[in-house]
Amino acid sequence: MNVLNYRDWQDTCDTLHMILQMLGKVKLAKMPPQPEWKHCVLHITASGFTTGLIPGGAESVEVSVDVLAACVIVRSTSGECAQFPLVDGQSVADYYAQLMDALRHVEHSASICTIPQEVYLTDDFDKQTKAVDFDHRAAKDYFRMCLVAHDALTRFSSAYRGKKIAPSLFWGTFDLTTVLFSGAPKPFPGKGVIEETAFDEQLVEFGFWPGDPSAPDPALFVMAYPFITQELSSEDVSPKEAFFSKEKGEFFLPLSALATTAGAGFEPAEVMTKFFEDAFRVVTTAEEWDNLEWLTKPLH
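Analysis parameters
- Residues numbered from 1 in each chain as written.
- Predicted model: local features only at pLDDT ≥ 70, side-chain atom pairs only at ≥ 80, totals over all residues.
- Heavy atoms only, no water.
- Axes fitted to C-alpha atoms, helices over the stretch in contact; angles between N-to-C directions.
- Helix = DSSP H or I, 4+ residues; strand = E, 2+ residues; numbered from the N terminus.
- Parallel < 35°, antiparallel > 145°, perpendicular 65-115°, else oblique.
- Left-handed = near helix turned anticlockwise from the far one by under 90°.
- Contact = heavy atoms within 4.5 Å.
- Nonpolar A, V, L, I, M, F, W, Y, C, P; charged D, E, K, R; others polar.
- Pairing = 2+ DSSP bridges.
- Patch = residues over 30% accessible without salt bridge, like charges linked within 9 Å, V, L, I, M, F, W, Y side chains within 5 Å.
- Areas by Shrake-Rupley, 256 points an atom, 1.4 Å probe, with all protein chains shown as cover.
- Salt bridge = Lys/Arg side-chain N within 4 Å of Asp/Glu carboxyl O.
- Lys, Arg positive; Asp, Glu negative; His and termini not counted.
- Charge placed at Lys NZ, Arg CZ, Asp CG, Glu CD.
- Buried < 20%, exposed > 50% of the residue type's maximum accessible area, 1.4 Å probe, protein only.
- Disulfide = S-S within 2.5 Å.

Draft legend 1. The packing of helix 3 (residues 136-157) against helix 6 (residues 268-286), seen in detail. Their axes nearest at 8 Å, the elements helix 3 and helix 6 cross at an angle of 45°. On the basis of the axis angle, helix 3 is oblique to helix 6. Helix 3 and helix 6 meet at a crossing whose hand is right-handed. Residues Val148, Ala149, Asp151, Ala152, Leu153, Arg155 and Phe156 of helix 3 lie in contact with helix 6, whose contacting residues are Pro268, Ala269, Glu270, Met272, Thr273, Phe276, Glu277 and Phe280. Residues belonging to the contact of helix 3 with helix 6 are distributed by class as follows: 10 nonpolar, one polar and four charged.

Draft legend 2. Inspection of unusual backbone geometry at higher detail. In this chain, tyrosine 225 is followed by proline 226 through a cis amide linkage whose omega measures 0°. A cis amide bond links serine 238 with the next residue in sequence, proline 239, at an omega value of -5°. Position of proline 239 relative to the elements: it lies in the loop between strand 9 (219-225) and strand 10 (243-245). Phi is positive for tryptophan 37, which is not a glycine, with a value near 65°. For tryptophan 37, the location among the structural elements is in the loop between helix 1 (10-30) and strand 1 (43-44). The phi torsion at glutamate 288 lies on the positive side, around 55°, for a residue other than glycine. Secondary-structure assignment places glutamate 288 in the loop between helix 6 and helix 7 (292-295).

Draft legend 3. Representation of the sheet that holds strand 9. Pairing in this open sheet of six strands is antiparallel, and the strands run 6-7-8-9-11-10 from one edge to the other. The open sheet has two free edges, formed respectively by strand 6 (164-170) and strand 10, since each of these has just one partner strand. Pairwise comparison of adjacent strand axes, ignoring direction, gives a mean angle of 20° for this sheet. Both strand 10 and strand 11 (residues 250-254) contribute to a ladder of three bridges, which runs antiparallel. By the bridge assignment, phenylalanine 243 is partnered in strand 11 with phenylalanine 252. Against the sheet, helix 3 touches strand 6, strand 7 (175-185) and strand 8 (201-209), its axis set at about 25° to strand 7.

Draft legend 4. Local environment of a negative patch on the surface. Negative charge collects at one region of the surface, where Asp11, Asp88, Asp133 and Asp135 lie side by side. Here aspartate 135 shows up in the loop between helix 2 (92-105) and helix 3. Given a relative accessible area of 36%, aspartate 135 falls into the partly exposed group.

Draft legend 5. Geometry of the state of the cysteines. Enumeration according to the criterion identifies zero disulfides in this entry. Not engaged in a disulfide, the cysteine cysteine 146 finds its nearest cysteine sulfur in cysteine 13; these two sulfurs lie 9.6 Å apart.

Draft legend 6. Just the sheet that holds strand 5 (residues 81-85), in detail. Taken together, the five strands give an open sheet; going across it, the order is 1-2-3-4-5, and neighbouring strands pair in antiparallel fashion. The two strands at the open ends of the sheet, each matched to only one other strand, are strand 1 and strand 5. Pairing analysis gives two bridges linking strand 1 to strand 2 (residues 48-50), with the strands arranged antiparallel. Paired with isoleucine 44 across the bridge in strand 2 is phenylalanine 49. Relative to strand 3 (residues 61-66), helix 1 is tilted by about 170°, and along the sheet it contacts strand 1, strand 2, strand 3 and strand 4 (71-76).

In structure tokens:
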């Protein structure tokens, strides 16, 4: 697994992020709402990411980004299909226009909000006209990081008996995440459409994030809601490079640390899984989760 620093593939990362936001917004526009935005997350596939099947009465549609083949595919249940490549010299505005054309071609037009969300980029999709290179090799390296993280998140969360969101791509913040809920209602005390929907129950979120301009190192994170304001010790969280940020109220493990952990029989997903397990135990103990013994009772 090649660990990519965000600065090494910024243009490609931002472009891919914008395209995946478009997919998420199409799904958001067409799906019945579910708590915690579960209705509009994207799912990982063997070659990239997908909306999954979006119901449309007698007709349904699926939109996918095939990272390995560097293309976007729009396919309807009627058998209609349209696709376009991810190539050098295109802009986000070009990709937006091609996606809307592809949806019209398969008779599943969509009207979406073109303003990027939860990201430093603020221009509407159709106003991002700068042509950029698309580094296919870097995109594939990013996807491999996602696959390893998905493996670890699945291993970690599979036996959890409570409500959860399976490992999914949250396209706003661009993190591949699983969420475990305690079952306790905890309505968000502030304002904000995103926050009020995302934070309505006690939860812990576990994920992989590829970095951004202010923090370019890709990392794993563990975040609790209600947000943690106390200092938590990382003494019992492995590997040793893991740390708790009181400023963020989260545990972090930089992916670059995995290189220092390598040894005979080293499996990155196993190290990631152990990090999630350790941090979960520390957080839920500090937050005094009820019924934890039952929620984490091993399966047989």
